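# Examination of the molecular architecture
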2 protein chains.
Amino acid sequence: MRRSIATVCLSGTLEDKLSAAAAAGFDGVEIFENDLLACPLSPEQVAERCAGLGLTVELYQPFRDFEAVPDELHRRNLRRAGHKFELARRLGAGTVLVCSSVAPEAVDDDALAARRLRALAGVAADHGVRVAYEALAWGRFVRTWERSADLVLRADHPALGLCLDSFHVLSVGGDIAGIAEFPAEKLFFLQLADAPHLRMDVLQWSRHHRLFPGQGAFDLVGFTSRVLAAGYQGPLSLEVFNDVFRQAPPGRAAVDAMRSLIVLEEGLVRHDPAAAARRGRAAPPPPAPASAPEGFAFVELAVDAESGTEVARTLAATGFAHIGQHRSKPVQLWQQGDARVVLNATGATRAAIGAFAVETGDPGRSARRATALLAPVLPRTRGAAEADLTSVAAPDGTAVFFCRTGAPDGWLGDFILSGMPEPAGAGVTAIDHLALSQPFDAFDEATLFYRSLFGLEPEHDAELAAPFGLVRSRAVTDPGRRLRLLLDGTVLRRGSWAPAVPDPQHVAFHTDDIFRTAQTLRDRGAPILNVPANYYDDLDARLAPEPALLAALREHDVFYDRDGDAEYFHLCTEILGSRVFFEFVQRSSGYAGYGTANAPVRMAAHRAAHTRRRAARSP
Amino acid sequence: MRRSIATVCLSGTLEDKLSAAAAAGFDGVEIFENDLLACPLSPEQVAERCAGLGLTVELYQPFRDFEAVPDELHRRNLRRAGHKFELARRLGAGTVLVCSSVAPEAVDDDALAARRLRALAGVAADHGVRVAYEALAWGRFVRTWERSADLVLRADHPALGLCLDSFHVLSVGGDIAGIAEFPAEKLFFLQLADAPHLRMDVLQWSRHHRLFPGQGAFDLVGFTSRVLAAGYQGPLSLEVFNDVFRQAPPGRAAVDAMRSLIVLEEGLVRHDPAAAARRGRAAPPPPAPASAPEGFAFVELAVDAESGTEVARTLAATGFAHIGQHRSKPVQLWQQGDARVVLNATGATRAAIGAFAVETGDPGRSARRATALLAPVLPRTRGAAEADLTSVAAPDGTAVFFCRTGAPDGWLGDFILSGMPEPAGAGVTAIDHLALSQPFDAFDEATLFYRSLFGLEPEHDAELAAPFGLVRSRAVTDPGRRLRLLLDGTVLRRGSWAPAVPDPQHVAFHTDDIFRTAQTLRDRGAPILNVPANYYDDLDARLAPEPALLAALREHDVFYDRDGDAEYFHLCTEILGSRVFFEFVQRSSGYAGYGTANAPVRMAAHRAAHTRRRAARSP
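Rules used throughout
Per-chain numbering applies: the sequence of each chain, read as written, is numbered from 1 onward. Lettering for chains starts from A, numbering for ligands starts from 1, and both go in the order in which the items are written. Selection of residues for local features in this predicted model requires a pLDDT of at least 70, selection of side-chain atom pairs for listing and counting requires 80 or more, and totals for whole chains, interfaces and linings are taken over all residues. Excluded from the side-chain calculation are hydrogens and water; included are all heavy atoms of the structure. A helix here means a DSSP run of H or I that spans at least four residues, while a strand means a run of E at least two residues long, and both kinds are numbered starting from the N terminus. In this description the radius of gyration comes from C-alpha coordinates, and the expected globular size is given by 2.2 Å times residues to the power 0.38. Throughout, a contact is declared for two residues whenever any of their heavy atoms are within 4.5 Å. Working definition of accessibility: Shrake-Rupley area with a 1.4 Å probe, residue cover restricted to the visible protein chains. Strand pairing follows a simple DSSP-based rule, namely that at least 2 bridges must link the two strands. Simply put, an axis is a line fit to the C-alpha atoms, just over the touching stretch for a helix, and the angle between two N-to-C directions goes from 0 to 180 degrees. For every residue, the predictor assigns a confidence score, pLDDT, that lies between 0 and 100. By convention, a stacked pair of Phe, Tyr or Trp rings (six-membered ring in the case of Trp) has centres within 6.5 Å and planes under 30 degrees apart, an edge-to-face pair has planes over 60 apart, and any other such pair is tilted. A simple rule labels every residue: compare its accessible area, found with a 1.4 Å probe on the protein chains alone, to the largest value its type can have, and call it buried under 20%, exposed over 50%, or partly exposed in between. Either the NZ atom of lysine or the CZ atom of arginine qualifies as a charge over a ring when it sits within 6 Å of the ring centre and within 35 degrees of the ring normal. Note on terms: buried area is the combined drop in 1.4 Å-probe accessible area of two parts once they are placed together, counting the loss on both. Basic side-chain nitrogens of Lys or Arg form a salt bridge, by our definition, when they fall within 4 Å of a carboxyl oxygen of Asp or Glu.

### Structural notes on the overall build of chain A
Counting its secondary structure elements, chain A contains 18 helices and 24 strands. Taking 25 Å as the expected radius of gyration for a compact globule of 619 residues, we find that chain A reaches 28 Å, a close match to that expectation. Projecting the C-alpha coordinates of chain A onto the three principal axes gives extents of approximately 85 × 60 × 50 Å. Nonlocal contacts in chain A, meaning residues at least 24 apart in sequence, comprise 75% of its contacts between residues at least 6 apart. For chain A, the exposed area adds up to about 22500 Å²; of that, 52% sits on carbon and sulfur atoms.

### Observations concerning the sheet that holds strand β23 (residues 566-572) of chain A
All names here are of chain A. Read across the open sheet, the 8 strands follow the order β18-β19-β20-β17-β21-β24-β23-β22; overall the sheet is mixed. Edge positions in the sheet fall to β18 (457-466) and β22 (559-563), since each of these pairs with one other strand and no more. Neighbour to neighbour, the strand axes of the sheet diverge by 25 degrees on average, direction disregarded. Summarising the sheet, strand β19 (residues 469-477) and strand β20 (residues 484-490) pair through 7 bridges and their orientation is antiparallel.

### A short note on the sheet that holds strand β2 (residues 28-32) of chain A
All names here are of chain A. The strand order around the closed barrel formed by 8 strands is β1-β2-β3-β4-β5-β6-β7-β8, and the pairing between neighbours is parallel. Averaged over all adjacent pairs, the angle separating strand axes in this sheet is 30 degrees, with direction ignored. As paired strands, strand β4 (residues 95-99) and strand β5 (residues 130-134) are joined by 5 bridges and run parallel to one another. Along β5, the bridge assignment pairs Leu 97 with Ala 132. Sitting on the sheet, helix α4 (residues 71-91) is in contact with β2, β3 (56-63), β4 and β5, with an inclination near 165 degrees to β3.

### Topic: the confidence of the model for chain A
Overall, the predicted model of chain A reaches an average pLDDT of 93, with 97% of residues at or above 70. Model confidence for the complex: the whole-complex pTM is 0.95, and ipTM, which rates the interface, is 0.93.

### Digging into the packing of aromatic side chains
Across all of its chains, the model carries 42 aromatic pairs over all chains by this definition. Taken together, a centroid distance of 5.3 Å and an interplanar angle of 80 degrees make the contact between B:Phe167 and B:Trp205 edge-to-face. Of this pair, B:Phe167 sits in helix α7 (residues 166-170) while B:Trp205 is found in helix α8 (residues 202-208), placing the two residues 38 residues apart along the sequence. In this pair, the class of B:Phe167 matches that of B:Trp205, namely buried. Through a chain of ring-to-ring contacts, three or more aromatic side chains come together here, namely A:Phe296, A:Phe356, A:Phe449 and A:Tyr450. A cation over an aromatic ring shows up here: A:Arg587 above the ring of A:Tyr594, its NZ or CZ 5.2 Å from the ring centre. B:Arg130 extends its terminal NZ or CZ atom over the ring of B:Phe188, reaching a point 3.7 Å from the ring centre.

### Focus on the interface of chain B and chain A
Contacts between chain B and chain A engage 51 residues on the former and 51 residues on the latter. The contact between chain B and chain A buries some 4400 Å² in all, and 54% of this surface belongs to carbon and sulfur atoms. The tally of links between chain B and chain A comes to 8 salt bridges. For B:Lys84, the salt bridge identified is with A:Asp538, shortest N-O distance 2.6 Å. When contributions to the side of chain B that touches chain A are tallied by element, the ones reaching two or more residues are α2 (33-37), α4 (71-91), β18 (457-466), β19 (469-477), α16 (533-543) and α18 (599-617) of chain B. Among the elements that line the side of chain B that touches chain A, the one with the most residues is α16(B), at 7 residues.

### As for the pairing of β22(A)
All names here are of chain A. Across 5 bridges, β22 lies against β23 in antiparallel orientation. Bridge assignment links Asp 561 to a residue of β23, and that residue is Tyr 568. Counting the residues between successive antiparallel strands, the hairpin from β22 to β23 contains 2 residues, one of them, Gly 564, with a positive phi of roughly 65 degrees.

Here it is, written out as structure tokens:
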């Protein structure tokens, strides 16, 4: 299957968009009219540019408001169509998209609409191009794919076919059962877009909130498989109107788009391997399936000298032991239970999550999958005897490693282990989750990236009114809940999370006894985040926990959440360095969330503590 | 009337919000529950902080999901209510807001709901507080103000009254006729919010897109006047949930909010002077009415040496004459027709609109109005014999002056005029409009600012899919169309308008003969922006102008728009310095727009020209 992208998906000038699409590996493009209008290149020069980049021009779009209008307007429409078909010919676009009419002049008359479309196809054929007719979900009369399909069959012209667009069909809950029966020779084009479920006007939803496949809530595999079952031979073409992508760097958005198609194709193979085999060699081989994640091998904090001291002191105060020293670099390994933290002082960062490593049975396969999914491989210097750790860069800049900790040539060999018996810890058993803050314009990209690399699924999605603006929070995890990633980011913000505080990240450690952990932290002088008394008064009013429990929560600055019988306890350190903190969490009765409702209180408390500390430090 | 603001309108911690509200001059606040929960101060300390800032705590909010539930849940609700009423008492909030239930357990039983509300009011009274009951537009059963009013009357308890919220009433097209008849003693609270007309789920609309009065499409004057007619004595209190305001600096948002109330009160006086007089001295005096704007006295471009040379050369090439030199500063005056441009080289800006001056019959009154509307007065150094020009800062940083050019002590006296006869110009007669780009998070604030200062009205509102992201464009103008301001800004963008180009601003000059102007510019070598040939091909297909006209447009790089019989012609220079350009426009048959549909083509052309010039300059 050819892979195509509409230029409207990307930001920039037409030249920017074509370069980005080619660099991401697309085979073709849909050229959006407004992109061409603003381009100083002639249509022939654009065609030449595309050819030079290895791109076919799959479609010119859109032409509108044609069918079922009175004669006088029809004459003007035909003149306009002649201009556009000639332009498409000059561009080398074999097909022109015609959308169902939204014109007030249009009338509800299928016989007339079919006659008009037949006439239009005749004009198109004269120019050597074809018409792909599409029902807009907000068309004046033609709104369903079935009605557009009927008109195409009724008009019965070889230069007229159907364009199916997943958004227009799925947004209105269209019935896709019949698609597979539509005659293949009249199935001219397939546009793909995903979207979140939103309760809003469908036109606005379409124009602003489409997403690449796999980033939203639509069943794109089910939809696409039916179109392929009909015998569709054209490209899988993305047409995504999205306010965020419209202003993102086009090279990066094009890679995100291509990744979404690779993942969709993988889903199609999984959905129906036999059909995929029949489609045969035309389809590129799917990437290696994800090697099941078995948890976090380690999390690496990038620190400088000062923040490194602070983080190390906090690790010690929270029960971690400094068990190893890297053979060649200023890198320390700390451990408690199965939770490992690497402090990397090779850079000048004031404490941030620089990397994490996923424990997996087959690190090589995971790395191959990551590169097949277009994850940028990071360069890495290593000593002669050191492990070959492949890492890739996530959209948020975090480096992701793939490890088998127990392997003979595993990464632990890079460290000189002290061999000292570990001191008594604070009850931490493992890393529960990582919270990675995302730039507001990389949120959907990051979700698809992490999900597709490790085979994770969304577990939870929230939008919070936090003290310094709206915050999105989305968790992704594997079916075994061994790798939990919490992605969060501001929905809209000029500048950082709060005045003078960058978006914080955190590492959450799991404990089986939160109050023991809390007592140990207190005894050892860990910088525990103070929770306001008002929070506990509200807990009392809202959830009425047992008085003894409430008193313990209050005494130990532990946050609390309840979901049915399941309970969640969590406490935080203050922010270490400039943007990272530790959280200690206990889950009971299968609690699956992240205490998200407590996040605004935590944010305000972090801001207050941070401001206090800075004030204490300043001369 | 007291003026109040809900803390939920503002960004930051509760302490930040209270300080901002007090600094902007509010008399009171509604305290939003989540703000209190996240606050380290006890309720008593918050009360003390408010008192110290001169703020009363008008309302504690919200309490939810109370009325018409089964007995067991009712018992739990009463316990919860007891906690919250006690909290309100400690806070010094005399009133607690109770919203109509959205709980799935609620039943459709007004008799039960009234009983429950009566019981609730009894508990409130025991704590010395009152309950203000409000119908949410998305309540499960109680959605209209009429139904909430009926329940209040039916429950009939002195501690139970009605809260009216303009959003909940106006968003669903509620009938406001009966409000004036509601008994004043049971009208406990009035929350005000405006909003744009949006076709979306009302809850999402309410939570994300409310605006301060005067910034949206609701008739707040009509609504508020009816509430006042009923005899309402409480505060006018703003409750605005807005994604942008939620993340804006709270001090600035509070000033914007206060300005909106001043403007609303002015509207109330204009709407019904007799009623306003009856309300009497309690109301602060409204600001002086706007002195009608008579056009632009001048626009001032801030330049440095290099960009100043470029702008001066372009002014000369576009028919302007350098007619004067400032007596004490490196400031030049250029003129053509009634269009005056001041080049101010006292700073280091690489060409931008630094200021503009509004021609008005009574500059002193305009300046007094501006300060009454909380516009920050700018400091200004002036020589002994120089005119006393008051200027204020607009939200986008532009300085706004008020002038009477013909006055004996007018600003022209600050210049030594050359007295030379002006050379033949290029047909420019006046400044047609200024386009001032706004930061994305100051758009609504800027609109209200400019409108309220000069008595302008919105004329046009558009959202464009431009090459580098969505762009909003809103024109405001006086009834005589002598002062046209075009405010534009990106809807969402990390960084500037396009890679490496700051958001451009422009000065549009009016001409009566665009082709004569264009020919003159070309003859004199002005840096005219090239328009792509594809644009004219599309004009031909779309509007089919006469071939001779099309040829002239194409030859002279003139953009074209048509609205019925009205026509608009405009051509642009390239960007001068780093962010400003000139536009030359001709309006025929009363064309009232700005050729907005052409903006994306212009933007791409500007970006291309800018990139080309930078490439040519770099070594």
